[in-house]
Amino acid sequence: MKNKELQEIQEQFCSCYDKRKLCSYDVEFIDSDTKPLIHQQSRFWFFLSGKALLTINGTQYPVKKNAMVAIMPWDTTIISNVKESLHFIKIVYNSDFLWDSRYSDNLSNRYLSLLNPISEHPVAYLSKDESEKVLSIMNDIKNENIFIPTSHRTSLYAAFPKSSICPNHRSPNISAM
């Protein structure tokens, strides 16, 4: 049996320079279609510019400036139909560290799972104000790159709405590309 397209699996570490880091910050550029890629680590992508289609586990999403994407471990991504070169910030993080960190909403004293809303809605289109806040958080992570304060974790999660946690969901519109 011949495989027409081989999938690549990324390394499990957040940093290729220091395997002990909880997260890494990088800036990437993509100007052409990519092959399928299986991600071993969670990551956030924040698009600074560009237009393309992003396929996550078989579902297509348009990506453009101010789109925020959450990739979970073992998600497969493909970038295609690159109309304008993509320029984005990539935060790769240890999902075990973040998913084991729960927070309580003080009104009902119950724990909320943040994993499900992000997995169900991995792409969010942010307003100018939301984009500025996310960019500020990502720059803080870049400057510290050691510890992500709880307030930043909650703010990054809030970029992925449509749940009782984040009711202001803006669904992707592929035809608008």
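Residues numbered from 1 in each chain as written. Predicted model: local features only at pLDDT ≥ 70, side-chain atom pairs only at ≥ 80, totals over all residues. Heavy atoms only, no water.

(A) Spotlight on the overall build of the chain. Helix and strand counts for the chain come out as 4 helices and 10 strands. The order of α-helices and β-strands along the chain, N terminus first, is β-β-β-β-β-β-β-α-β-β-α-β-α-α. Across the chain, the fraction of contacts at a sequence separation of at least 24, relative to all contacts at a separation of at least 6, is 75%. Of the accessible surface of the chain, which amounts to about 10,300 Å², a share of 49% is contributed by carbon and sulfur atoms. (Helix = DSSP H or I, 4+ residues; strand = E, 2+ residues; numbered from the N terminus. Contact = heavy atoms within 4.5 Å. Areas by Shrake-Rupley, 256 points an atom, 1.4 Å probe, with all protein chains shown as cover.)

(B) The pairing of strand E7 (residues 76-93), seen in detail. Bridging between strand E2 (residues 23-30) and E7 involves 8 bridges; their strand directions are antiparallel. Counterpart to Tyr-25 in the pairing with E7 is Ile-91. Examined bridge by bridge, strand E3 (residues 37-38) and E7 share 2 bridges and lie antiparallel to one another. Bridged to Ile-38 within E7 is Thr-76. By the bridge criterion, 12 bridges tie strand E4 (residues 42-56) to E7 in an arrangement that is antiparallel. Each residue of the ladder has a partner; that of Ser-42, found in E7, is Tyr-93. (Pairing = 2+ DSSP bridges.)

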